[in-house]
Amino acid sequence: MRTITIAPKNAFRISVEAENISTDKFAPLTLSQINSLVVWQGNRQKTLSDLFTVEGDDAPATTEETTIKLIGDYSQVKRIGEGMTAGVVEVQGNVGMHAGNNMKGGLLSIAGNADDWLAREMRGGKVIVMGNAGNYLGGGYRGEKCGMRGGEIEVRGNAGAYLGEHLCGGSIRILGDAGDFPGAANQGGTIFIGGSTYLPGAEMSKGTITVKGEAKVLPSFLKTEIVQVDGLAFQKYTGDNVDNGKGELMVGVGSS
Amino acid sequence: MIIKGGIVYDPANGIYGDEMDLFIDKGRMVEAAKGEEIDARGLLVMPGGVDAHSHIAGKKVNTGRIMRPDDARIGTEPRTAVCRPSTGYTVPNCYAMGYRYARMGYTTAFEAATPILEARHTHEELEEIPIIDKGALTLFGNNWQVMECVRDKDLTKLAAYVAWGLRAAKGYGVKIVNPGGGEAWGFGGNVKSQNDIVPNFDVTPAEIIVGLAKANEMLNLPHSIHLHFNNLGKPGNYTTAIETLDLLKDLKPSRMRQVVHVAHMQFSAYGGTSWRDFESKAPAIADYFNCHNHATMDMGQLLFGSATTMTADAPLEYGNARLTHNKWSNHDIELEESSGVVPMVYNRKMLVNAVQWAIGLELALLVKDPWKVLMTTDHPNGSPFVNYPEVITLLMSKPKRDLEMATLHEQVPKRTTLAGMEREMDWTDIAIMTRAAPARVLGLEDKGHLGPGADGDVSIYDLRPEEVDTSLDHVLVKKALANAKYTIKGGVVVSKEGQILATPPGRTFWVDAAVPQADTDRLMVDLEEKFAKYYSIQIANYAVQDAYLPHAQIIRAGLPVLSEVA
Amino acid sequence: MSEAIMIRDAVCSFCGCLCDDINVEVEDGKIQRVRHACRLGSSKIMGHARIQSPMIRKNGVLVAASFQEAYDKAAEILLAAAKPLLYGWASTSCEAAKKGILLAEEVGGVLDSTATVCHGPSVIGIEEKGLPGATLGQVKNRADTIVFWGCNPAEAHPRHSLRYSSNSCGKFTPEGREGRKIIVVDVRETKTSKNADKFIRICPGSDYEVISALRMLIAGKGESVPDEVGGVLKADLADIAATLKAAKFGAVFFGLGITHSRGRYKNIDNALSLVAELNSHSKFVIMPMRGHYNVGGIGQVLAWSSGYPMSVDFTRGGPYFNPGETSACDLLARRDVDAALIIAADAVSNFPRATAKALAGIPVIQIDPYENPTTLLSDVVIPSAIAGVEVEGTAYRMDGLALRLRKMVDCSLPSDEDILMGILESVHKQRQMTANEGA
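**A word on the overall build of chain B**
Counting secondary structure elements, chain B contains 19 helices and 24 strands. Its C-alpha atoms give chain B a radius of gyration of 22 Å, within 12% of the compact-globule value 24 Å for 566 residues. Taking the principal axes of the C-alpha coordinates as reference, chain B spans close to 65 × 55 × 45 Å. For chain B, the residues scored as buried account for 62% of the 566 residues in total. When contacts within chain B are restricted to residue pairs at least 6 apart in sequence, long-range pairs at least 24 apart make up 77% of them.

Structure, rendered in C-alpha cells:
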C-alpha cells in the first residue's frame, strides 16, 4: 500500500483547480513526477509543488493500492479525486467544489464539509462526508439528462438544495436535513433523507426517495398507503404525475 | 503560390486524377504564378469543399447553443496564439465552425434558413465565423406577402417581393420550408399535404412552391428554389416528395441549373404508414431523379450519435420533442415563419434510426449522376458536419458499409436495399458531390473548381489516389479526410495537418436582383400597410444594414435588361 | 441657431422592449424633445449629469487622468489578477460585448452579465427544457390569452402592453384588449393585475406547486390535486386551466417574481413544461420580460462566441460554464476574484449587500456614462458615450430580435467599444514589455 500525503503551503484566496489530485493520476508516478503535475489557480498554471507539499513513498503502485491523504484546509481546492477509478482519497478537513466528479470507483472520504457539486455525475465507488455537503450533491452538469449513475454517497450531516438532480442510478444517504428539491427528475436512483426537506422528487419518473422527517409534498403526487419500515410508519406517494412518473416517495408519519 | 505535382480532381473542368501543378495569384487560380511552393507530389488535390446546406448561423443555431451547455462542453479547445477558443460538437461556437470546416478542406458553407426579420442576427454570426466564405438562404414559404401575391396570382409583385426580401435580408436564395405549415403552426396547426388550403390565406403549398419557383426564374437568380417538403420526417412522405417535384418538371430554368434543389432528401424518402411499418422508399425517389433533370438533392445523411435538430418546420420539431420526451425550443416569427430546435440521439439499434441511416446512402448510391446529389448531413440535424469523412468513406467502401450493417438492428436489410448495393464511389464522384456540384447547384461560378479565375481555394490530402484502396483502406481514408494536409483559402494556407495557421475573414455572398420600379412601387403599398398594422417594428429598421456585412460579395441578378443597365 | 433635425424611428435603449418608433428632435447637437417614448425611455434619452473625465484613485481619492492613463492602469490591474471578473454588459451594445469577450479571453477572466441577478434562473430553466417562444409581433397578431406571471410590465415595461401584448391590435386580434383574456399571477396586487380579467394571488414561494397543479389539471388528472395549492382554491386553478386550454394562441410573460422566488430555475423549468404541454391542446408560447435593454444581446453574443450565454470562465483558456460557481454573485460571495471590471451596470446596487462588499476589497475598473454607487469604490473610472444615443450599435429585444441602435447626437467621449479596445491594446503593450524585459 502506497500512501501520499499532501498539504497546502498557504491558505488560498483564489480557488485552486486540482483534478490531478487523484489516485489514478498519482499511481504510476514517482514523487518528483507528482510534484510537477499541473494545477491551476485562476489563470495561473502552476505545479502541485508550487502550492502543496507532497510526501510519501516514491515508488509507483497500482491505483488500487494508492491512498492520498489530504491534510489541512481544502475548502478552496476543487475537483479533487475527479474521475478516480480505485484507491482511497482521504480528506482530513473540508473540501472544495466538485470533489469526486465523475468518480468511477474507490473511496473518497471527507472528514469535514464538502462544497457544492460533490460527486457530480458519479458512476461508481463510494463517497463519505462526516460533516455537511453543499448544493447539487450527486447532481449532473447543466443541460444533461443524467446526473449520478451509480455508486454510493453518504452524508452524516445536512445536504444543500438540488441533491441528486437527474439521478439515474446509485444511492444517496443523508442523515440530516436536505435543502429544496432533492431527487428532482430522478430516473432510477435511491435517496434517503434522515431529516426534513422541501418538495422532493419533482418530475421524478422512477426510483425511490425516503424522507424520515417532514417534507412538503407536491400536489402532483398521489397519496397511497401507510407502510411500516423498520418499525417506523411512512406515508407512501407515487409520482411525479405531471410526467406520469412511476417513482416512489415515502415521508415519515410524525414519529412524535 | 505553386502547388506542385498533385493528383488533381477538378471534375468541373474535366480533370479526373491528372498529375499537374496549380497556381494561385492574388487569391485566384491562374495559369502560372511564382511564390511559395507547396509540395503535393502524388497527393489527392481537390477544390476547397463547398457545403450548400448547413445550419451554421442565426437565431435557431444560437438557441441550440443556449439550450445545450451539455453539448458545448464536449468540444472545448483553449484559445491559442492564432485561434479563439472552440466549444461544442453539434452546435459549435462560431470560431469552431470556421476552424473545423477548414481542417477538413472546406472553404465555403451556406446557412440554409434565415427569416428576413432575423437576418441581422444571422449576419452577426456569419461575420464571426472565420476563414470560410458564406451565404444565407432566405425563408419565403410561409410569408404573408408571398401567400397574398400567390393567392392574387400577381407574379410580378411576388418577384418584386422576393428581390426586396433578399435585399432586406442580404440573402442568397429562396428557401421554402414546409410551405403553409409554418403559418398554420401560428395557431398550432399544420398542413397535411401540398394540396391543403393554408388556414386564413386561401392558397395551397403547391401554389406557393410553384409561384416562388416561377418568381425565382423570372429573377434569374443564381440558385434555384431550395425546398424542404411538406410532411418531412413522416412515414409515407415519399409520395409528397414525388408529387411536389412533379409540379415543377415543366418549368424552364433561367440558368444552366436545376429548377428545384431538394434539401436533405433522406428525411423525405420514407415509406410505410407509421413508424411500425416504416421503410425506405429511396429506390422510388432515386428512380424519379434518374428519369428527370429538373431537380437536385442533398443527402441529409444521418449518422449514429448525438445531433441537434433545428428547422423552420416547427410542427415537426414539436412532434420530435413529444416523441423523444426531449427539451424543445420553438420560435415563431411574425408574418414570416416558425421554427424549432430539439436535441436528438440516433441509435443504431433503433430500427427507425438505422433505416434512416441506410436511406441517405441508398439515395446517393442509386442516383446515377453524382451532379444531382450533394453530400450533406443537414448539419446538425443528421449529424454534425465534422463527420463528413465518415459519410464519404461509407460511399466509397462497401466493406465499411457491411461492417456498419452488421452492428445495426437486424431488420435493416428487409426495410432497405442497401445491403445488396455494390457501388463504391471514386474520387471523381466525391469531388463532384462535395465541390463541383454544390457550387453549380448554388450558382457560385468561382467555387468548386480550379480553372483560371476560380477562387484560390484548394484542399490537399495526405492520400495517394494512385496507391490507396479506398474500398479496403477506409480507416486510413477517413483519417486523412478529417484533417487535410493543407487547406488553402484564397491563396493562403489556413490549415496544415489539422493545425489552423491563419484565420482570414471569409466573404458573405448575397444576391441583389433588379426588378421594374413599378412593381416595387405596387409592392411597397402592401408592405407599408403590413408594417403599420402587423409587424412589431418599423419598416425603417427592418432591412439588414451594410454595417453587418463588412466582407460582402454581391451577386447581381434580376430581369436581364435591368441588371445589364445596373 | 441651427435647424432642428428630426430623427425618426430610432430605437429606445432603455428596457428589453426596444421600442423602435421613437422620434427625437435634435437642435444644436442637443436632444430637445423625445416623442413616443415612455417616461423611462424618455428620461434615458434626454440624459442627465455625466462623468466628465477619466479618473484614477490615488491615495484614496479619485483624481482626473487622461484616457490613456486610465487604459494603462486598467490593463495593469487586469494583468496582475489571477481571476478578474468582467461584469455588466446589459446596457451597452453587442459591439462592445464582442470586444469585452476578447478582453476576457486575453486576460483570462470570468465574464458575466447582469442576467446573473435577473433572468439567470430562466437561462438554467431553458437548459433543462428549451424555450417555446415567438417574436412579440406573433403575440400582437394572434394572442387571445395572455398570462403575466411574477412581472409588472405596467411599471417596468410601460409600452409593452400597447405595442406587443394586452392592448395591441393585429391581424387576428383586431379588437385588441376587448378580444383578449388577461390573467395575472403574482404575490401582490400590481398596476398590471388591475388591468387583468383574472388575478390569481399566490403565496410567496409557491410558484412551483401552483404550476404542477396546473399541469395536472390541464392533463385531466386533477382529481388528486388538493383543494388548495399555494393559497389558491382548486376551483380557481381549474378555471385557469380551462381558459388556457381553450386559447387559440396563448402567451406567458414572466419576470423576477418567479425567477427569484423560492424554487428559482425550477419554477421556470416547470413553467416551460407547462407551456410545452399546453401546445397539445392549444398554441402557447412563453418568454422572459428582460429588463436592461441589451441583456438579451450579451447572452446571444456570448453564446455564439463561447458556446454559453452567461457566467463564462476563461481563466484556463477554454470556456467553462457553471452558474452557481462561475456566476458573478457566487464568485464575489466566495471572494474568489481578485479584480473586477464593471461596465454598463451598477454592480453595487444590483448585488446583495454582502456580495457588493467583496468589491470593496479588490481593485475595480468602472466603465459607465454615469456616476453611481459603484463609482465610489472604483479605482479606475472611465466615462463612455451612450450606446443608442451617442453611438450606433446592435441590441437584442426581449424576444431575441436584433435591432440597430442609432446615433442621435455627437459625443466627445469614446464608446464602450473604443475604451475596451484601448485597454486591450494596453494589455498587449504591457505584455510585450514584460516579455522584452524577460528576454
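**So, the overall build of chain A**
For chain A, the helix and strand inventory stands at three helices and 19 strands. Against the 2.2 N^0.38 benchmark of 18 Å for 256 residues, chain A shows a C-alpha radius of gyration of 19 Å, consistent with a compact globule. Along the longest, intermediate and shortest principal axes, the C-alpha atoms of chain A span 60 × 35 × 30 Å. In chain A, which comprises 256 residues, the share counted as buried stands at 55%.

**Looking at the interface of chain A and chain C**
Tallying the contact residues gives 24 residues for chain A and 28 residues for chain C. Split by residue class, the side of chain A that touches chain C holds eleven nonpolar, eight polar and five charged.

**So, the confidence of the model for chain B**
Summarising the model, chain B shows a mean pLDDT of 97, and 99% of its residues fall at 70 or more. Predicted complex metrics record ipTM = 0.97 and pTM = 0.97.

**Observations concerning the sheet that holds strand β4 (residues 44-47) of chain A**
Residues and elements named next belong to chain A. Taking strand neighbours across the sheet as the criterion, the four strands line up as β4-β3-β2-β7 in an open arrangement whose pairing is mixed. Unpaired on one side and paired on the other, β4 and β7 (77-78) mark the two borders of the sheet. Direction of pairing for strand β2 (residues 16-17) relative to strand β3 (residues 38-41): antiparallel, over a ladder of two bridges. Paired with V16 across the strands is Q41, a residue of β3.

**Thoughts on the pairing of strand β10 (residues 126-129) of chain A**
All names here are of chain A. Only one face of β10 is buried, namely the one carrying V127 and V129, since none of K126 and I128 on the opposite face is buried. Alignment of strand β9 (residues 107-110) against β10, held across four bridges, turns out to be parallel. Residue I110 lies in a different strand from β10, and its bridge partner there is V129. Relative to strand β11 (residues 152-155), β10 is paired through four bridges, and the arrangement is parallel. Counterpart to V129 in the pairing with β11 is V155.

**A few points about the interface of chain B and chain C**
Opposite the 47 residues of chain B that make contact, chain C presents 53 residues. Looking at the side of chain B that touches chain C, the elements that each hand over two or more residues are α1 (59-67), α2 (69-72), α4 (119-128), α11 (314-324) and β16 (329-332) of chain B. Class assignment for the residues of the side of chain B that touches chain C results in 19 nonpolar, 15 polar and 13 charged. Pairing of β16(B) with strand β8 (residues 132-134) of chain C involves three bridges; the strand directions are parallel. When the bridges of β8(C) are listed, B:D332 appears paired with C:A134.

**Some details on the nonpolar core**
All names here are of chain B. Counting residues in hydrophobic clusters, the biggest one holds 406 residues, and the most contacted among them are V45 and L363. Take this core: its biggest share by element is eleven residues, from helix α12 (residues 351-366). In contact with L363, not counting residues within four places along its chain, are M265, Q266, A269, A282, I285, A286, M297, M299 and V373.

**Description of helix α8 (residues 205-218) of chain B**
Since the α-helix turns once every 3.6 residues, residues separated by three or four places project in the same direction. All names here are of chain B. Between its first and last C-alpha, α8 extends 20 Å over 14 residues, near the 20 Å set by a 1.5 Å rise per residue. Within α8, ten of the 14 residues are buried, which leaves it mostly tucked inside the rest of the structure. Taken as a whole, α8 has its buried residues at P205, E207, I208, I209, G211, L212, A213, A215, N216 and M218. Contact partners of the buried residues in α8: α5 (144-151), α6 (155-169), β9 (173-177), β10 (225-228), α9 (238-246) and β11 (260-262). Looking one or two residues beyond α8, the residue adopting positive phi is N220, at roughly 55 degrees.

**Description of the pairing of strand β15 (residues 283-288) of chain C**
Residue and element names in this part refer to chain C. Summarising burial for β15: six of the six residues are buried, a large majority. Every second residue of β15 is oriented toward a common face, with K283, V285 and M287 on one face and F284, I286 and P288 on the other, all of them buried. Of the pairings in the sheet, the one linking strand β14 (residues 249-254) to β15 comprises six bridges and is parallel in character. Residue F249 lies in a different strand from β15, and its bridge partner there is K283.

Criteria and thresholds
Residues numbered from 1 in each chain as written. Chains lettered and ligands numbered in written order. Predicted model: local features only at pLDDT ≥ 70, side-chain atom pairs only at ≥ 80, totals over all residues. Helix = DSSP H or I, 4+ residues; strand = E, 2+ residues; numbered from the N terminus. Rg over C-alpha atoms; globule rule 2.2 N^0.38 Å. Buried ≥ 20, exposed ≤ 12 C-beta atoms within 10 Å, placed from the backbone. Contact = placed C-beta atoms within 7 Å. Nonpolar A, V, L, I, M, F, W, Y, C, P; charged D, E, K, R; others polar. pLDDT = per-residue confidence, 0-100. Pairing = 2+ DSSP bridges. Core = buried A, V, L, I, M, F, W, Y, C linked by C-beta atoms within 7 Å. Expected span 1.5 Å × (residues − 1).

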